[in-house]
Each structure stands twice: as C-alpha cells, then as structure tokens.
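Each chain, written out:
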Amino acid sequence: DTGVSQDPRHKITKRGQNVTFRCDPISEHNRLYWYRQTLGQGPEFLTYFQNEAQLEKSRLLSDRFSAERPKGSFSTLEIQRTEQGDSAMYLCASSLVEGTPTDTQYFGPGTRLTVL
Amino acid sequence: GQSLEQPSEVTAVEGAIVQINCTYQTSGFYGLSWYQQHDGGAPTFLSYNALDGLEETGRFSSFLSRSDSYGYLLLQELQMKDSASYFCAVGVDKIIFGKGTRLHILP
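This structure is a prediction, so every number in the text was calculated from the model and none was measured.

The rules we used
- Residues numbered from 1 in each chain as written.
- Chains lettered and ligands numbered in written order.
- Predicted model: local features only at pLDDT ≥ 70, side-chain atom pairs only at ≥ 80, totals over all residues.
- Heavy atoms only, no water.
- Disulfide = S-S within 2.5 Å.
- Helix = DSSP H or I, 4+ residues; strand = E, 2+ residues; numbered from the N terminus.
- Buried < 20%, exposed > 50% of the residue type's maximum accessible area, 1.4 Å probe, protein only.
- Contact = heavy atoms within 4.5 Å.
- Buried area = accessible area lost by both parts, 1.4 Å probe.
- Salt bridge = Lys/Arg side-chain N within 4 Å of Asp/Glu carboxyl O.
- Phe/Tyr/Trp six-rings, centres within 6.5 Å; stacked < 30°, edge-to-face > 60°.
- Lys NZ or Arg CZ within 6 Å of the ring centre and 35° of its normal.

Trainee: Describe the state of the cysteines, listing the residues and the values that go with them.
Mentor: Residue and element names in this part refer to chain A. A complete count under the given rule lists 2 disulfides over all chains for this structure. Paired through a disulfide, C23 and C92 show a sulfur-sulfur distance of 1.8 Å. Judged by the sign of its S-S torsion, about -65°, the bond between C23 and C92 is left-handed. In this pair, C23 sits in strand β3 (residues 19-24) while C92 sits in strand β9 (residues 88-95), placing the two residues 69 residues apart along the sequence. Accessibility assignment for this pair places C23 and C92 in one class, buried.

As structure tokens, this is what we get:
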C-alpha cells in the first residue's frame, strides 16, 4: 500500500497525559499536513510542512501541540497535557507541489483520540 | 476570513440525480474542491474547479461560478455506495473545508 499511513489508529488516554501520533506520507510527496476533525464538522487545518520546514501553524494550535518532520519524510504530532476538548480525529495528508500550488491532498485514515 | 456554506443533509433516491450546493467567502481564491468522506474513513479528493464552468468526472460533475462565489457537486445515477459526507473546500496548502453535506440515499 503506497498511501498515507497513520499510527496508531485509535488512542485512549487520560486527561493530563501526553500523546504522540505518527504520519507516513506518500513517499515522493514533499508537503505534509495535519488536520483535526470532530463529529459533524469538516477537517480543520492545524499545520503543514514542506520537506522538514514547518511553513504555517494555525491559531487553533495551542502551545500544547507540537509537530515535527525531522527528515522531511514522516511526521509526528505531539499533544502535551491532554484535555477532554482534544478528543477528535487527527488526520494527516500529503501532496506533491512542484512550483504551482496544488489543490489535491491525499489523506490518511486518521488517528482517533479519546481523552477520558 | 474564509467561510463556506453547504446544506447539512440531502436525501435522494437510488438511480436519481442530486445536487449539493456550496457558497463561499474567501480572500485569495484559487478554486473550489470537493471531497467525499465515508463514515469512519478519510476524506477523498473528488474534483477541483479553478475556472467557471462544469467539470465532469464519470458520474460526478462539479460547477463553479466565481462571480457568484458559488459552486455545486452533481452526482448522477446514484448508488448506495455514494452515501457519505461531501465537503466543499477552498485554499491551497491550508485548505478550509465546509461543514459537510451528509447524503442519504433511499433504495
């Protein structure tokens, strides 16, 4: 399978704990995006990378959230001191951008986070 | 800011045609995209309109009117597997999604 993969698929944690999610994009894609989706809503943009550089970070992303893409391949999203409001599906997407902007992003299956 | 409006639910009969509308307010408009998401699944890209007019891809078509800040997704010959949520979206890199339209298909 050469699509976007995410790990774990489900995570249940207690309030106050730290969690980390991993995303492996399509191998030749240079851009990687993180979104958050709650029930009945569309995905909300969190942040994105071009290669290893984090180019934009949403104001939705509090200081408890950090994302990295250390070698321009896989990415991790860490949430520190989780709160119940962090419960959501965390989606990763990737795309190949060569010069011009692209509209097409390929999404992974998501990591569903439940904070108790 | 950027916002998109689409109906929350639409119901149609198997074999029929359904249209899902989307209006948007955005700065720096590049085009309108449509994504499909089945329950428990990931969003999947369906179509993109950068210019006014109709784009057709099999049973799905998408239309854009930039002057009206309006677009729609047209699904023909509906099949039960088309039951899903459909999102219109704007932007590149930072994509802004609408809240989605849940399509119910009756046999």
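Trainee: Go over the interface of chain B and chain A, please, and point to the residues and values.
Mentor: Across the boundary between the two partners, chain B contributes 16 residues, which contact 20 residues of chain A. Note on chain B versus chain A: buried area summed over both sides is about 1600 Å², and carbon and sulfur give 56% of it. On the chain B side of the contact with chain A, D93, K94 and F97 of chain B bury the most area, a combined 35% of that side's loss. Counting every contact that joins chain B to chain A gives 0 salt bridges.

Trainee: Got a sec to walk through the pattern of salt bridges? Specific residues and values, please.
Mentor: Residues and elements named next belong to chain A. Inspection of the entire model under this criterion finds 5 salt bridges over all chains. The closest approach of N and O atoms between E83 and R64, which form a salt bridge, is 3.4 Å. In this pair, E83 is assigned in the loop between β8 (75-79) and β9 and R64 in the loop between β6 (53-57) and β7 (65-68), connecting sequence segments 19 residues apart. Residue E83 is classed as partly exposed on the basis of its relative accessible area, which comes to 40%. Exposure remark for R64: the relative accessible area of 11% places this residue in the buried category. Put simply, R64 and D86 hold a salt bridge, and the shortest N to O gap is 2.8 Å. Taken together, the positions of R64 in the loop between β6 and β7 and D86 in the loop between β8 and β9 put the pair 22 residues apart, joining distant regions of the chain. Comparing R64 with D86 shows no difference in burial state: the two are buried.

Trainee: Kindly report on the packing of aromatic side chains, identifying the contributing residues and their values.
Mentor: A full pass over the atoms with the stated rule returns 14 aromatic pairs over all chains. An angle of 70° between the planes, with centres 6.1 Å apart, marks the rings of F107 of chain A and F97 of chain B as edge-to-face. Of this pair, F107 of chain A sits in strand β10 (residues 106-107) while F97 of chain B sits in strand β10 (residues 96-97), each in a different chain. Here F107 of chain A and F97 of chain B have matching classes, each one buried. In this structure, R22 of chain A is placed above the aromatic ring of F74 of chain A, and the distance from its NZ or CZ to the ring centre is 3.9 Å.

Nothing here speaks to function; it is geometry throughout.
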